[in-house]
Amino acid sequence: MPTFKVFRYNPKTGDQAYFQSYQLPEIKGMTVLEGLYYILENIDPTLAFRSSCRQGVCGSCAMHIGEKYRLACETQIVDIGNTVTIRPLAHMKIIRDLVVDLDPFFAQYEKIKPYLIPSGEPPTREFKQSPAQRAKIDFHVDCILCACCYGSCPVVATDEKYLGPHALLKALRYVDDSRDGATYERLAYLASDFGVFRCHTIFNCQQVCPKDLDPTGAIGKLKMKALWAKFTGKLRKTG
Amino acid sequence: MFYDVIIVGGGLAGMRAAIAAHDAGAKVGLISKIHPVRSHSGAAQGGINAALANHPQGKDDTPERHAYDTIKGSDFLADQDAVEIMTSAAPGIIFEFEHWGCPFSRFEDGSIAQRPFGGAGFPRTCYGADRTGLYLLHTLFEQVVKRKIDVLYERFVTKLAVKGGRCAGVIVMNLHSGEFQAIGGNAVIFATGGSGRVYSVNTTNAHASTGLGVVIPYWAGVPLEDMEFIQFHPTGLDGSSILMTEGCRGEGGYLINNKGERFMKNYVSEKIMELAPRDITARAMQTEINEGRGFEDRYLHLDLRHLGAKKIMERLPGIREICLNFKSIDPIKDPIPVHPAMHYTMGGIECDKDGMTRVDGFYAAGECACVSVHGANRLGGNSLLDTVVFGARCGRHAADRVKKMSQTVDTDTLDSALKEEKERYQRLCSSSGKENPYTIKNELSQVMMDKFGIFRNETDMKKGLDEIKILKERFNHIRAIPDTGKFNYDFLWVTEIAGNIEAGLCIATGALARAESRGSHFRIDFSKRNDEQWLKHSLFTYAPDAPQLTYKAVTMGKYKPEERKY
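Per chain, the residues get numbers from 1 upward, laid out in the order the sequence is written. Each chain gets a letter, beginning with A, and each ligand a number, beginning with 1, in the order they are written. Thresholds applied to this predicted model are a pLDDT of at least 70 for local features of residues and 80 or more for the giving and counting of side-chain atom pairs; totals over whole chains, interfaces and linings are not thresholded and use all residues. Water and hydrogen atoms play no part in the side-chain values, which are based on all heavy atoms of the structure.

Student: Summarise the nonpolar core; cite the residues concerned and give the values.
Tutor: Counting 214 residues, the largest nonpolar core has A:Phe4, B:Val170 and B:Phe190 as the members making the most contacts within it. In this text, helices come from DSSP runs of H or I with a minimum length of four residues, and strands from runs of E with a minimum of two, each type numbered from the N-terminal end. Among the elements that make up this core, the one with the highest residue count is helix α14 (residues 489–513) of chain B (14 residues). Definition of nonpolar core: a set of buried residues of the types Ala, Val, Leu, Ile, Met, Phe, Trp, Tyr and Cys, connected through side-chain atoms within 4.5 Å. Partly exposed residues are those whose accessible area sits between 20% and 50% of the maximum for their type, while under 20% is buried and over 50% is exposed, using a 1.4 Å probe and protein chains only. Membership of the second largest hydrophobic core comes to 28 residues, among which are B:Met273, B:Leu300, B:Ile319 and B:Ile329.

Student: Residues and numbers for the sheet that holds strand β10 (residues 224–225) of chain B, please.
Tutor: All names here are of chain B. Reading across the sheet, the 5 strands line up as β17-β15-β10-β18-β19 and stay open at both edges, with mixed pairing between neighbours. Strands at the two margins of the open sheet, each flanked by one partner only, are β17 (369–370) and β19 (548–553). Contacts from helix α5 (residues 212–219) reach β10, β15 (348–350) and β18 (536–541) within the one sheet, and its direction differs from that of β15 by about 30°. Across the face of the sheet, α14 comes into contact with β10, β18 and β19 while running at roughly 60° to β19. Pairing between strands is defined by DSSP: at least two bridges between the two strands are required. We call two residues contacting when some pair of their heavy atoms lies within 4.5 Å. A fitted line through C-alpha atoms represents every axis, and for helices the fit uses only the stretch in contact; the resulting angles, taken between N-to-C directions, go from 0 to 180 degrees.

Student: Account for empty space enclosed by the protein, with residues named and values stated.
Tutor: Over the atoms, a rolled probe matching the size of one water molecule traces out where space is still vacant. Residues and elements named next belong to chain B. Only protein atoms enter the calculation, which uses a 1 Å grid: trapped sets of points that fit a 1.4 Å probe without letting it out are cavities, open sets showing protein on both sides within 12 Å along at least five of seven lines are pockets, and any residue with an atom within 4 Å of a point is a lining residue. Grid points are joined across faces, edges and corners, and a volume is the space filled by probe spheres set on the points. Counted under the stated rule, the structure contains 10 cavities of 30 Å³ or more. Its volume calculated, the second largest cavity comes out at about 140 Å³. Among the elements that take part in the lining of the second largest cavity, helix α9 (residues 317–327) stands out by supplying 4 residues, more than any other.

Student: Can you tell me about the packing of aromatic side chains, naming the residues and giving the values?
Tutor: Aromatic pairs are defined between Phe, Tyr and Trp rings, using the six-membered ring for Trp, whenever the two ring centres lie within 6.5 Å; interplanar angles under 30 degrees are classed as stacked, those over 60 as edge-to-face, and all others as tilted. Tallied over the entire structure, the rule returns 22 aromatic pairs over all chains. With centroids separated by 6.2 Å and ring planes inclined at 70°, the aromatic side chains of A:Phe106 and B:Tyr153 adopt a geometry described as edge-to-face. A residue pair is termed interchain when its members come from two chains, as with A:Phe106 in helix α3 (residues 103–111) and B:Tyr153 in strand β6 (residues 150–153). On the basis of relative accessibility, which here comes to 4%, the residue A:Phe106 falls in the buried class. On the basis of relative accessibility, which here comes to 8%, the residue B:Tyr153 falls in the buried class. Judged by centre distance (5.7 Å) and plane angle (20°), the rings of B:Phe295 and B:Tyr299 are stacked. The same class applies to B:Phe295 and to B:Tyr299, which are both buried. Clustering of aromatic rings is evident, with ring pairs tying together A:Phe105, A:Phe106, A:Tyr109, A:Tyr150, B:Phe141 and B:Tyr153. Sitting over a ring, as applied to charges here, requires NZ of Lys or CZ of Arg to be within 6 Å of the ring centre and within 35 degrees of the ring normal. The cationic tip of B:Lys536 hangs over the ring face of B:Trp534; the distance from NZ or CZ to the ring centre is 4.9 Å.

Student: Any details on the pairing of strand β14 (residues 336–345) of chain B? Residues and values, ideally.
Tutor: Residue and element names in this part refer to chain B. Burial within β14 is extensive, with 10 of its 10 residues counted as buried. Across 6 bridges, the pairing between strand β11 (residues 230–237) and β14 is antiparallel. Each residue of the ladder has a partner; that of Phe 232, found in β14, is Met 342. In this structure, strand β13 (residues 300–303) lies alongside β14, joined through 3 bridges in antiparallel fashion. Bridging across to β14, Leu 300 finds its partner in Val 338.

Student: Lay out the side chain of A:Thr85 with the relevant residues and their values.
Tutor: Residues and elements named next belong to chain A. For Thr 85, the position within the fold is in strand β5 (residues 83–87). Residue Thr 85 is classed as buried on the basis of its relative accessible area of 19%. When sequence neighbours within four positions are dropped, the list of residues in contact with Thr 85 reads Lys 5, Phe 19, His 64, Ile 65 and Gly 66.

Student: Lay out the pattern of salt bridges with the relevant residues and their values.
Tutor: Residue and element names in this part refer to chain B. Only one rule defines a salt bridge in this text: a Lys or Arg side-chain nitrogen within 4 Å of an Asp or Glu carboxyl oxygen. Summed over the entire model, instances satisfying the criterion amount to 70 salt bridges over all chains. The salt bridge partner of Arg 564 is Asp 279, with a shortest N-O separation of 2.8 Å. Taken together, the residues Arg 564 in the segment after β19 and Asp 279 in helix α7 (residues 278–290) connect sequence positions 285 residues apart. Among the residues examined, Arg 564 registers a relative accessible area of 13% and is labelled buried.

Student: So what about the interface of chain A and chain B? Which residues, and what values?
Tutor: Taken together, the contact between chain A and chain B spans 63 residues of the former and 68 residues of the latter. Buried area: the accessible surface (1.4 Å probe) lost by two parts on joining, summed over both. Per-residue buried area on chain A facing chain B is highest for A:Glu41, A:Arg54 and A:Gln55; these three make up 13% of the total on that side. Remark: the boundary between chain A and chain B carries 7 salt bridges. N or O atoms within 3.5 Å of each other form a polar contact, as long as, within protein, one can give a hydrogen and the other can take it, and as long as residues adjacent in sequence are counted only when both atoms are side-chain atoms. The interface formed by chain A and chain B includes 36 residue pairs in polar contact (both at pLDDT 80 or more).

Student: Lay out the layout of surface pockets with the relevant residues and their values.
Tutor: As a volume, the largest pocket reaches approximately 1200 Å³. Lining the largest pocket are 46 residues, with A:Phe139, A:Asp142, B:Arg131, B:Met313 and B:Pro317 sitting closest to its centre. Elements that contribute at least two residues to the lining of the largest pocket include exactly β4 (68–71), α2 (77–80), α4 (131–135) and α9 (204–208) of chain A together with β4 (114–115), α8 (309–315) and α9 of chain B. Under this grouping Gly is polar, as are all residues other than the nonpolar Ala, Val, Leu, Ile, Met, Phe, Trp, Tyr, Cys and Pro and the charged Asp, Glu, Lys and Arg. Classifying every residue of the lining of the largest pocket gives 18 nonpolar, 9 polar and 19 charged. Volume-wise, the second largest pocket comes out at about 1100 Å³. Taken together, 32 residues line the second largest pocket, and the ones lying closest to its centre are A:Gly29, A:Met30, A:Glu34, B:Gly239 and B:Ser240. The set of elements that each furnish at least two residues to the lining of the second largest pocket consists of α1 (32–43) of chain A together with α9 and α12 (437–451) of chain B.

Student: How would you explain the sheet that holds strand β1 (residues 3–8) of chain A if you had to name every residue and give the values?
Tutor: Residue and element names in this part refer to chain A. Sheet architecture is open: 5 strands sit in the order β2-β1-β5-β3-β4, paired in mixed fashion. Each end of this open sheet is capped by a strand with a single partner; those strands are β2 (18–23) and β4. Strand-to-strand twist of the sheet, defined as the mean angle between neighbouring strand axes without regard to direction, takes the value 35°. In this sheet, β4 lies alongside strand β3 (residues 62–65) in antiparallel orientation, the contact comprising 4 bridges. In the strand pairing of β4, Ala 62 is matched with Leu 71. Strands in contact with α1 are β1, β2, β3 and β5; relative to β1, the strand with the most contacts, it is inclined by about 80°.

Just distances and angles here, no functional claims.
Okay, here's the thing in structure tokens:
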């Protein structure tokens, strides 16, 4: 019988945070998220956790499970072991139990202008983009904004103004998009005090990403692009 | 708090409506019980239809042909004027997405790639690998960010404030604070998505997709339409029912029974095979399983192996990832075990082509709405299109309408609705009942699967309807909800179960009454379509015991009903 040790905190009761243990039935193929639902439905309706799609695409159920940040929905209990310790994502304020305050996470994301800025008027039909040009953004567009990378990043932990791996990965997606016309404006911002050069290349974000994306690599590429733009005199600070 | 236009739901329909209303000059508030990027639209995989004529075999495609395929696919229950609006708006709305940066897959010439989908005369489904919904969803969120539209996320709407046939706003529980709030608006648009979790033991839908989205307006006096039409997707992953996109078959995947046969040849022409519409394919699959040609009496094989590693990695990477994570199989080397799973609600909130309902100021768009463009059976690739075409129309219409009005806050109506909700919460928290609400939820989904599934008959449905009524009564005696303050998910889920029960009652009542087979509604005791008596939409009006059922005419056009042959 697997045991879940779940982080609990409710400011309403005024209690300190603590870990609560729950015994679950042994069900073949049961995921950690299904385990949490089992607790909610059968043992303890006061347990709070986010979830939605249960198929690894919405990013709601990102949490710290057995030594790693990951999605509860696609994690099999047997892969963790008989005792499953579950904590909320780190570096964000804990609101209740496994629910953290994601406002700073989304605020940082919004700062990089996460939308296409074409240089001219769009054509009447689609912008032409070759399969090779499309392939350049293949992996960056698969980010689901689950915040596993953000919760695992030591720089985020110490610098609340750091844009974070999720926002920087997204930024490369636009820098590398053949349809975007704001490359140097973007690079100027990304090279600022809280951007790519704050990254210490610790690789946590890459190791935890449930989509196997590479924010560390993306940040490395942005560093090189920003430096090259600086040396060639193309980097202009804009508003 | 007051907005010109309040939008409830942050998926494709909701965000597209918000952008349209904002661009038309309205002050917009987008309310969602989850963050918009968590919406179930993001789980859509295969693609979005538009007659772009980009595919070499689709040069002759037109919006008219798209309209005909949609109407035929709907088994002639769709309103033809609405379908024509959708298919003619499709190319423009796809180009707009592309201009906003949506990462569609591409053909060699740089144009948007298209793939074949079930029931379509041409390959017209635009896609981004097998993550089309995710890309569209994120693209819309990016445009919401760009416009700095107010996004009130993790606000759980529990009630419409309606008085004298006019909507004054919504009551929400702000999960972040644990408090109820009234939010006033001159127009309210519901874009809350589908009700798949009514069938929660076997659905492709997210936990968040419950019946409450259609039931909140139903409780407030807005009729629901065509609720008996429930789409079963042919290929849900065995066990979890996670969607294996129709794109798998669009790319050339086979369905195989335990004799190793591509059995679809016994049901449709050899030209169509696995690309028959979903209702026909799902019935064929269930027949194979029922007649002993399934594996473990439960599933069939979706075989992609002959497509080769390169194509699978390039076009269906998400499918491979899900198979590896959830089933420990690799579709490059192994066939995928699949069975039909509840997928889509063709019915929903009755509304017109601009999303307007019978309650003044209240609109609906997306899967929760019934415009109706899908009739008795939706074609794959048309749901994403529906959400964005009608989301945009609805947002624009609502904004134009409220601009002509003075900003009036109906404080009395909002206050009394807020008071009712606070009292209801207190009642739930102090209940002395003993029933576990989640047991009721699970029993409901079992009844829906067993009695209102792919094959239906009068005896079972009568029994099923009685069982749902008993569950509704038992729900009056549930245990107390713990008042935990912030993020009271127990309150949220339990309230949603009440929505599932009401939506289930409508589905059951409509299905039992409709004595014919049309699209997804198949009755073994009335196996033929009956246009003379049943070429009409069902309408469900709330009454405490059971829904009141009436009917209205289907809007016909140039396409005359004919037998569906594929």
